[in-house]
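# Results of the structural survey
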Amino acid sequence: MTQVSDRLASLSPSATLAMSQKSNELKAQGIDVINLSVGEPDFNTPDHIKEAAKQAVDDNFSRYSPVPGYPALRNAIVTKLKNENGLEYAATQISCANGAKQSVCNTILVLVNPGDEVIIPAPFWVSYPEMVKLAEGKPVIVTAGIEQDFKITPAQLEAAITPKTKALILCSPSNPTGSVYSAEELAGLAEVLKKHPDIIVIADEIYEHINYIGKHHSIASVDGMKDRTVIVNGVSKAYAMTGWRIGFIAGPEWIVKAVNKLQGQYTSGPCSVSQKAAEAAYTGSQEPVEEMRKAFERRRDLIVNLAKEVPGFEVNKPEGAFYLFPKCSYYYGKADGNNTIKDADDLAMYLLEKAHVACVGGTSFGAPECIRMSYATSDENIVEAIKRIKEALAKLK
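Residues numbered from 1 in each chain as written. Predicted model: local features only at pLDDT ≥ 70, side-chain atom pairs only at ≥ 80, totals over all residues. Heavy atoms only, no water.

This next bit is on the overall build of the protein. Helix and strand counts for the protein come out as 13 helices and twelve strands. Its C-alpha radius of gyration of 21 Å places the protein within 12% of the 21 Å reference for a compact globule of 397 residues. Taken over 397 residues, the protein has a buried fraction of 55%. Contacts in the protein between residues far apart in sequence, at least 24 positions, make up 74% of those at least 6 positions apart. For the protein, the computed accessible surface area is about 16700 Å², with 51% contributed by carbon and sulfur atoms. Charged side chains of the protein number 42 positive and 47 negative; the gap between the two group centres comes to 2 Å. (Helix = DSSP H or I, 4+ residues; strand = E, 2+ residues; numbered from the N terminus. Rg over C-alpha atoms; globule rule 2.2 N^0.38 Å. Buried < 20%, exposed > 50% of the residue type's maximum accessible area, 1.4 Å probe, protein only. Contact = heavy atoms within 4.5 Å. Areas by Shrake-Rupley, 256 points an atom, 1.4 Å probe, with all protein chains shown as cover. Lys, Arg positive; Asp, Glu negative; His and termini not counted. Charge placed at Lys NZ, Arg CZ, Asp CG, Glu CD.)

What follows covers the UniProt feature "domain: Aminotransferase class I/classII large" (unreviewed entry) in the protein. As annotated in UniProt, the feature "domain: Aminotransferase class I/classII large" (unreviewed entry) corresponds to residues 32-389 in the numbering used here. End C-alpha to end C-alpha, residues 32-389 measures 14 Å, and it is 38% helix and 14% strand. (UniProt positions renumbered as here; feature names shortened; annotations may be inferred.)

Moving on, we come to the layout of surface pockets. In this structure, the largest pocket spans a volume of roughly 580 Å³. Along the wall of the largest pocket there are 27 residues; nearest its centre are Gly39, Lys101, Trp125, Lys237 and Arg245. Those elements giving two or more residues to the lining of the largest pocket turn out to be α2 (15-28), α5 (100-111) and α6 (127-134). Residues that form the lining of the largest pocket fall into these classes: ten nonpolar, eleven polar and six charged. (1 Å grid on protein atoms, 1.4 Å probe; cavity = no way out; pocket = protein on both sides within 12 Å on 5 of 7 lines; lining within 4 Å. Points joined across faces, edges and corners; volume = space filled by probe spheres on them. Nonpolar A, V, L, I, M, F, W, Y, C, P; charged D, E, K, R; others polar.)

Okay, the environment of Lys82 next. Considering the arrangement of structural elements, one finds Lys82 in helix α4 (residues 71-85). Judged by relative accessible area, Lys82 falls into the partly exposed class, the value being 46%. The residues contacting Lys82, other than those within four sequence positions of it, are Leu87 and Glu88.

This part takes up the pairing of strand β12 (residues 371-374). Neither face of β12 is exposed, since Ile371 and Met373 on one face and Arg372 and Ser374 on the opposite face are all buried. Pairing between strand β9 (residues 323-324) and β12: two bridges, direction antiparallel. The partner of Tyr323 across the bridge, within β12, is Ser374. By the bridge criterion, two bridges tie strand β11 (residues 360-361) to β12 in an arrangement that is antiparallel. If you follow Gly361 over to β12, its bridge partner there is Ile371. (Pairing = 2+ DSSP bridges.)

Another aspect to go through is α5. Under the 1.5 Å per step criterion, the end-to-end length of α5 is 17 Å for twelve residues, consistent within 8% with the ideal 16 Å. Within α5 the residues assigned to the buried category are Ala100, Gln102, Ser103, Val104, Cys105, Asn106, Thr107, Ile108 and Leu111. (Expected span 1.5 Å × (residues − 1).)

Think of a sheet as strands paired side by side through backbone hydrogen bonds, with each pair either parallel or antiparallel. In spatial order, the strands read β9-β12-β11; together these three strands make up an open sheet with antiparallel pairing. Each edge of the sheet is formed by a strand with only one pairing partner; in this case those strands are β9 and β11.

For the bond running from Ala122 to Pro123, omega is 5°, close enough to zero to count as cis. For Pro123, the position within the fold is in the loop between β3 (117-122) and α6. Cis peptide bonds are those with omega within 30 degrees of zero, and the linkage from Ser172 to Pro173 qualifies with -5°. If you trace the backbone, Pro173 turns up in the loop between β5 (165-171) and α8 (183-193). Its identity as a non-glycine residue notwithstanding, Ser268 has a phi of 60°, on the positive side. Classification of Ser268 by relative accessible area gives partly exposed; the value is 28%. One non-glycine residue with positive phi stands out, namely His356, at about 55°. Tracing the backbone shows His356 in the loop between α12 (344-355) and β10 (357-358). For His356, a relative accessible area of 26% corresponds to the partly exposed category.

Soluble, globular proteins show a tendency: their nonpolar side chains are buried together. Residues Ile108, Phe313, Leu347, Leu351, Ile371, Met373 and Leu393 are the most contacted members of the largest nonpolar core, which totals 82 residues. Per element, the largest residue contribution to this core is seven residues, and it comes from α12. (Core = buried A, V, L, I, M, F, W, Y, C linked by side-chain atoms within 4.5 Å.)

Moving on, we come to the pattern of salt bridges. Opposite charge on two side chains makes pairing possible when the charged atoms of those side chains draw close. Going through the model one piece at a time under the given rule, you end up with 24 salt bridges. Of the charged contacts, one joins Arg299 and Asp379 as a salt bridge, the two residues approaching to 3.9 Å between their closest N and O atoms. In this pair, Arg299 is assigned in helix α11 (residues 287-307) and Asp379 in helix α13 (residues 379-393), connecting sequence segments 80 residues apart. Note that Asp301 is salt-bridged to Arg300, the shortest N-O span being 2.7 Å. Each of the salt bridges in this network shares a partner with another, and the network as a whole consists of Glu290, Arg293, Glu297, Arg300 and Asp301. (Salt bridge = Lys/Arg side-chain N within 4 Å of Asp/Glu carboxyl O.)

With that settled, consider the side chain of Thr107. The topology assignment puts Thr107 in helix α5. Leave out the neighbours within four places in its chain, and Thr107 touches Ile202, Val230, Ile249 and Val259.

This is the structure:
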């Protein structure tokens, strides 16, 4: 028998992981590929965090942890949320998982029943709709184009809400666009949500510390929203710890208890050593975080200025994360004699094959007119990548 479950058959493979794999395959053949498809910092984990992990091994943190994570880590997260975000939580309102990705999925699985609707602003991270489908819910996509800086309006949110709406997933700073909702914009969305008190907000804030506007704003900080918001965050992006796999949720205790019950049945607590490293990340020096943020901001300015010089690209200026999401539909229908560009995925594949630059087509992000480029790479790579892209696109007529 080779028949997989209907649940699995309904899911799409991850476009970001697929493009990264194709890039690695070309590299293995000796081809010089510049990879702008990967959503992770190119920096190493700060030394004091690595030292904490080594100490944890020596101290024999090698056994199962509590399902929601060690109390010391959860208390460190409580302190972080109070000091950085002005939000008061108890340790019982924190649950740690194997990355923020699992934290998002856990939350969706404990909230969504078959047929429930989850509002997802587009462009979106590729996994959000798939997670909703996994829970047998219905993704309701609300599109915000580059002309509105890829951010939905209160009117759009209001129009998408129905009696079946269970949740809203809000990602700020955004993957894939780098757009950041201001405090005023979040307050506007909250005014709509206050008319619908049963809707839960899943606030994915994993890129919180990679922002270029001076301060991160959480919708949980808006009056009346904390008790109906699940904050998702973790150490992956801010501390260059993608492989350590530690994320968390902070939210109403009834949701956290449900997540703990679910997680206890299919993964239990996250890696013990990684938890001690994450604790050091939150309690130790934050200077490396700021150093990385400054580097990303410099790269943001570099890639934006260069991409604006690419004929046919429409470019905005991201306020966070490390992605550029140019509109490139100008090239649809054009050809180089052998290849005709039908959509963003075609264009991304063309750039990989002809320019040896890996980026990701926007179709899987809910924005088929755009491509995603990660600038989590060196200045030299950014300059060379845009040069190659301009040369390859010039051949399309």
